Amino acid sequence: MVAFGKYLQRKQIEEWRGYYINYKMMKKKVKQYAEQIQGGSQHPRHVLKDFSRMLDTQIEKTVLFMLEQQGLLAGRLATLRETHDAVLEQPDISKIVELRESYRDVGRDLLQLLVFVELNAIGLRKILKKFDKRFGYRFADYYVKTRADHPYSQLQQVFKHVGVGAVVGAISRNLHELQEHEGSFYSIYDQPVLPLLDPVVEAIKTAVDKLTNSTSFLNFLAQHALIMQDDLQTPSEDTVDERTYHFNSLLLNLGNTFLYMVNTYIIVPTADDYSMSLGAAATVCGVVIGSMAVAQVFSSVYFSAWSNKSYFKPLVFSSIALFIGNLMYALAYDANSIFLLLLGRLCCGLGSARAVNRRYISDCVPLRIRMQASAGFVSASALGMACGPALAGLLQIKFKIYKLTFNQSTLPGWVMAVAWLFYLVWLCISFKEPLRDTEEQEGSNPNETTSMTDREENSTAVEEGLRKPLLITSGLKLEDEDEEDCDESEESAEDSRRPANSFGDAYRLLTPSVKVQLLIYFMLKYAMEILLSESSVVTSYYFGWTTSSVAIFLACLGLTVLPINILVGSYISNMFEDRQILLTSEIIVFIGILFSFNLFVPYTVPQYVISGLVMFVAAEVLEGVNLSLLSRVMSSRLSKGTYNGGLLSTEAGTLARVVADATITLGGYLGRNHLLNATLLPSLVICIGSIVATCCTYNSLY
């Protein structure tokens, strides 16, 4: 375990030492601020102003030096270009070799500059996090948002390394021109498919990819997925070996996510008719739909624990459980058994592998594309949510084969059983179990290093070093702790990084703001489940809607998920603070619930559709922003282990669905004419409670 301050000192280039951010000085200032505020000698507003000014000064110093170095590199490239033109006119092998080496020298210097940028970006992130942790503010969000979006932003230079692309392009193009291709010289623009084999160019490309994680929309979607990561991990600390990453396995993981969401919502339009055909009340659909969520409460825990040892076996078990569950669901009609129907849905819930899906992306996908994979997780979930009801709307046929009945009630079970059977076969053929750390060490080939040395014997030691991660070698971790605290024992340091071992441990790690955000998550999932699960009962009673009409309505709601996330991730989140979006979305959800009540006037289709759409869209915005905040403020101890942040959020959402579906069934005892208001009232109360909790929490922080 290495303190970042010491690591920064060791990695600094001596000639550039005065241009790095002064991390040690800023840590001391943060400690002084804490003492001043505690002693009453300094007002928090003055501290924020002084700290902002200090950060601006440090960033300006770093950015101006970076621009100066980019200018020097550009000047060297311009000089080399003159020599390059002369060589092209009178080709000389020795001069070409010398010129290529000169371009590589520029590339190595550019890599040093990229290391410089990354070290400063890490230091900035850590000092902002330290400040927030010390004072309980969300100053990091405010500072980055106000600086990054400003037209004269210098922070953009640090995080987006503006101008580096032009230098990389010049080096790549000129090196490629000097490669021999049957006696002629080609441009990378003429033949873009030709591989760039030069090791320096590959190292630069890797470094730039690691610094450029993704766009704001992908980042928003990834946080929406709540794929928990160690908050100290940086792009260059990635421990996933690109060579062991398996794309087909990732596709299978996302396929499981998609099929499970289809499986969840495909029965919603027909659950009331199925219940009535088996002699139960229409409102028993709440129990039928919710039984899957009941089982998921327990399955999430054992799947999370199982993923510590394997990913393939849990996915196989999930597929088998869902195949059997859907088979029982379909056979319940001919068996005339409501018990078999509920047992089938419980079995489907026991196959919920969403904890494994999240964990696989977090542990087995390289950091370079982890953001895209996380966004794919959210997209697969949203697409499944839309496809489930839409598919149910298409299955409006009826026929019999021997003694088996195929109709709108049983076909969802048959179709999903076949889908899971095909998925299981594909899984067994294509999935590749990732190697664990111990397996990688045992299975490593000692001759591999020798063969690599033989292949690169003409490369310099510097080149070989640049092909490795820029900052961290194997086993090295940066610890975001004060150098003044280094006298603490190693045991206490290890305890601060140890994952939670139970729900009790995990709960004790939750701050008041995290508890409020989990309450918000519970509220929005409860409100959405009420809207979706009772839609078939409510619309058939008030409007006489058919199964197809309900399916179209639910599919349209599901199709709003991705466009809303694009709007929030790309635009709204850049214009407003997350807490402002959070509170506004809660209020809009409250308004949507309020206007959904059937009170004094005849209930109409426009009232139901518009209020439901407003509530659903606001809840989607709220979910994205809420999980985005959760991913940033949860303790780092909840980023790994069985009882991680992803499991906590899954359990909160699943419990909300269970309670909502139970509410629908209980509300059915009051009669279908009172069901709507009886189920909306708890939603309204919980929503008011979450708004009050949000206001109290954020007022205390700000």
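Refer to the structure above for everything that follows.
Quantities reported herein were computed from a predicted structural model and do not represent experimental measurements.

> Could you clarify how one ought to interpret the overall build of the protein chain in this entry?
Summing up its helical and strand segments, the protein chain has 30 helices and four strands in all. Taken across its 702 residues, the protein chain has 52% of its residues classed as buried. Pairs at least 24 residues apart make up 83% of the contacts formed inside the protein chain by residues separated by at least 6 positions. When the accessible area of the protein chain is evaluated, it comes to approximately 31600 Å², of which 61% is carbon and sulfur surface.

> Can you help me understand the side chain of N256 in this one?
With respect to the helices, strands and loops of the structure, N256 is situated in helix 10 (residues 247–265). With residues up to four places along the chain from it excluded, the contact list for N256 reads L315, S318, A353, N357, W420 and Y423.

> It is not clear to me how the side chain of D272 should be interpreted in this structure. Could you clarify?
Structurally, D272 can be placed in helix 11 (residues 271–277). It is R672 that comes nearest to the buried, bridge-free D272 among opposite-charge side chains, at 5.3 Å. In contact with D272, other than residues within four places in its own chain, are A282, C285, S536, V537 and S540.

> Sorry if this is basic, but what is going on with the state of the cysteines here?
By definition, a disulfide links two cysteine residues through a covalent bond between their sulfur atoms. Summed over the entire model, instances satisfying the criterion amount to zero disulfides. The structure places no disulfide on C695, whose sulfur is separated from the nearest cysteine sulfur, that of C696, by 6.8 Å.

> Even after reading the chapter, I still don't get empty space enclosed by the protein, so can you show me in this structure?
To find leftover empty space, one rolls a probe the size of a water molecule over the atoms. Applying the stated criterion across every chain yields a total of six cavities of 30 Å³ or more. Considering only enclosed or pocket space, the largest cavity measures out at about 460 Å³ in volume. Lining the largest cavity are 28 residues; nearest its centre among them are M261, R354, Y521, K525 and E623. Elements with a minimum of two residues in the lining of the largest cavity: helix 9 (216–225), helix 10, helix 15 (354–364), helix 16 (367–394), helix 23 (512–533), helix 28 (605–633) and helix 29 (645–667). When the residues that make up the lining of the largest cavity are grouped by side-chain class, the tally is 13 nonpolar, eight polar and seven charged.

> Even after reading the chapter, I still don't get the environment of W426, so can you show me in this structure?
Examined against the element boundaries, W426 turns out to sit in helix 17 (residues 411–430). For W426, a relative accessible area of 38% translates into the label partly exposed. For W426 and N248, which are 178 residues apart along the polypeptide, the C-alpha to C-alpha distance reads 10.0 Å. Setting aside chain neighbours within four positions, we find W426 in contact with L252 and F431.

> Just checking my understanding: could you explain the pattern of salt bridges for this structure?
Where side chains of opposite charge bring their charged atoms close, a pairing between them can arise. Evaluated as defined, the whole model comprises twelve salt bridges. Notably, a salt bridge pairs E623 with K525, separated by 3.3 Å at the nearest N-O pair. Note that E623 is positioned in helix 28 and K525 in helix 23, a separation of 98 residues in sequence. Take E623 and K525: they sit in the same class, and that class is buried. Bridged by salt links that share partners, the residues E101, R104, D105 and R108 form one connected network.

> What's the story with unusual backbone geometry in this structure? I'm lost.
Generally, phi is negative for residues other than glycine and the peptide bonds are trans, each holding for most cases. Located in the positive-phi region is N336, a residue other than glycine, with phi close to 50°. Mapped onto the fold, N336 is located in the loop between helix 13 (312–335) and helix 14 (338–350). Looking at N336, the relative accessible area reads 53%, which means it is exposed.

> Just checking my understanding: could you explain the packing of helix 12 (residues 285–306) against helix 29 for this structure?
The interhelical angle for the contact between helix 12 and helix 29, taken along N-to-C directions, is 160°, at an axis separation of 8 Å. Here helix 12 lies roughly antiparallel to helix 29, going by the angle between them. For the element pair helix 12 and helix 29, the recorded crossing hand is left-handed. Contacts between helix 12 and helix 29 pair G286, V287, I289, G290, A293, V294, Q296, V297, S300, V301 and S304 from the former with L647, T650, E651, T654, L655, R657, V658, D661, I664 and T665 from the latter. Classifying every residue of the contact of helix 12 with helix 29 gives ten nonpolar, eight polar and three charged.

Scoring rules and cut-offs
- Counting restarts for each chain: residues are numbered from 1 in the order of the written sequence.
- Given that the model is predicted, a residue must reach a pLDDT of at least 70 before its local features are reported, and side-chain atom pairs must reach 80 or more before they are shown or counted; all residues, however, enter totals for whole chains, interfaces and linings.
- Here the side-chain values reflect all heavy atoms present in the structure, with hydrogen atoms and water set aside.
- Helix and strand definitions here come from DSSP, where helices need a minimum of 4 consecutive H or I residues and strands a minimum of 2 consecutive E residues; each element is numbered from the N-terminal end.
- A 1.4 Å probe rolled over the protein chains alone gives each residue an accessible area, and that area as a share of the maximum for its type sets the label: buried under 20%, exposed over 50%, partly exposed in between.
- Pairs of residues are marked as contacts when any of their non-hydrogen atoms sit within 4.5 Å.
- Where accessible areas are quoted, they stem from the Shrake-Rupley method and a 1.4 Å probe; at the residue level, only the protein chains shown are allowed to cover.
- None of His or the chain ends enter the tally, which takes Lys and Arg as positive and Asp and Glu as negative.
- Every case where a carboxyl oxygen of Asp or Glu lies within 4 Å of a side-chain nitrogen of Lys or Arg is listed as a salt bridge.
- Two cysteine sulfurs form a disulfide in these notes if their separation is within 2.5 Å.
- With a 1 Å grid spanning the protein atoms alone, the term cavity applies to any set of points in which a 1.4 Å probe fits but cannot get out, the term pocket to an open set with protein on both sides within 12 Å along at least five of seven lines, and the term lining residue to any residue with an atom within 4 Å of a point.
- Grid points are joined across faces, edges and corners, and a volume is the space filled by probe spheres set on the points.
- In this count, Pro and Cys sit with the nonpolar residues alongside Ala, Val, Leu, Ile, Met, Phe, Trp and Tyr, while Asp, Glu, Lys and Arg are called charged and the others, Gly among them, polar.
- Inter-axis angles, ranging from 0 to 180 degrees, are taken between N-to-C directions of lines fitted to C-alpha atoms, where helices are fitted over the stretch in contact.
- Should an angle fall under 35 degrees it is called roughly parallel, over 145 degrees roughly antiparallel, and 65 to 115 degrees roughly perpendicular, with every other angle called oblique.
- By convention the crossing between two helices is left-handed if the near helix lies anticlockwise of the far one by an angle smaller than a right angle, and right-handed if it lies clockwise.

Read these as layout, nothing more, since geometry by itself doesn't imply function.
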